Amino acid sequence: MKPLTEREIRSAFVNCTKGEATRMNIPRDLADRPWDDLDYFGWRDPQAPDRAYLVAELDGRLRGVALRASHTGASMTRRSMCSFCVTTHTGGVSLMVAPKAGKAGKQGNSVGAYICSDLACSLYVRGKKDAGMGSRLHETLTVEEKAERTMANLATFVAKVTA
């Protein structure tokens, strides 16, 4: 992924107002992020841990999605699989819910998916981050194919948000 600027990130969001995008806490260390290893940029808000965000280039355009993470005690002890990158974690996957874009979102409609809690799917796929014993199923796919699958799953999610 190409490095993103704060302005690019804020202008990419499809399911929040411009005011909400202006007020969101964007990480200050953008220059230090491992952009070459990222398929999408995702982060949790340190000041509001239930808020998460992701920005990806889809069909040549940046798309950003604001998310809310659920907090359940069971997820900390149960092994779960990320629906984007197919990494399994014990306590490292959260149900993330995104309000739908436009009128549907204003009416309270949303879309949810189980996603790596730290939004580091790209790093798990590339082996740059370890989710622990048994976190990656044995597959014959190449790293590139796994990254493509992750992005296809993310694109499907974003399409549901914008539908």
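Everything numeric in this text was worked out from a predicted model, so none of it was measured.

### Here we look at the pattern of salt bridges
Reasoning step 1: Taken as a whole and assessed by the stated rule, the structure comprises eight salt bridges.
Reasoning step 2: Arg 68 serves as the salt-bridge partner of Asp 50, at 2.9 Å between the closest nitrogen and oxygen. Remark: Arg 68 occurs in strand β3 (residues 61-69) and Asp 50 occurs in the loop between β1 (41-44) and β2 (51-58); sequence separation between them is 18 residues.
Reasoning step 3: Of the charged contacts in the structure, one is a salt bridge between Glu 139 and Arg 149, with a shortest N-O distance of 2.6 Å. One end of the pair, Glu 139, is in the loop between α4 (121-125) and α5 (143-162); the other, Arg 149, is in helix α5, with 10 residues separating them in the sequence.

### Considering the sheet that holds strand β6 (residues 93-99)
Reasoning step 1: Strand order in the open sheet formed by five strands is β1-β2-β3-β6-β7, with antiparallel pairing between adjacent strands. Strands at the two margins of the open sheet, each flanked by one partner only, are β1 and β7 (110-116). On average, each strand axis in the sheet is inclined to that of its neighbour by 30 degrees, with strand direction left out of account.
Reasoning step 2: Two elements, β2 and β3, share eight bridges in a ladder whose sense is antiparallel. Paired with Tyr 53 across the two strands is Ala 66, which belongs to β3.

### What to know about unusual backbone geometry
Reasoning step 1: Here the phi dihedral of Asp 59 falls at roughly 55 degrees; this positive angle occurs in a residue that is not glycine.
Reasoning step 2: Relative to the elements of secondary structure, Asp 59 occurs in the loop between β2 and β3.
Reasoning step 3: For Val 86, which is not glycine, the phi dihedral falls at a positive 65 degrees.
Reasoning step 4: Checked against the element boundaries, Val 86 lands in the loop between β4 (79-81) and β5 (88-90).

Conventions we followed
- Residues numbered from 1 in each chain as written.
- Predicted model: local features only at pLDDT ≥ 70, side-chain atom pairs only at ≥ 80, totals over all residues.
- Heavy atoms only, no water.
- Salt bridge = Lys/Arg side-chain N within 4 Å of Asp/Glu carboxyl O.
- Helix = DSSP H or I, 4+ residues; strand = E, 2+ residues; numbered from the N terminus.
- Pairing = 2+ DSSP bridges.
- Axes fitted to C-alpha atoms, helices over the stretch in contact; angles between N-to-C directions.

Honestly, that's just the spatial picture; any functional story needs more than this.
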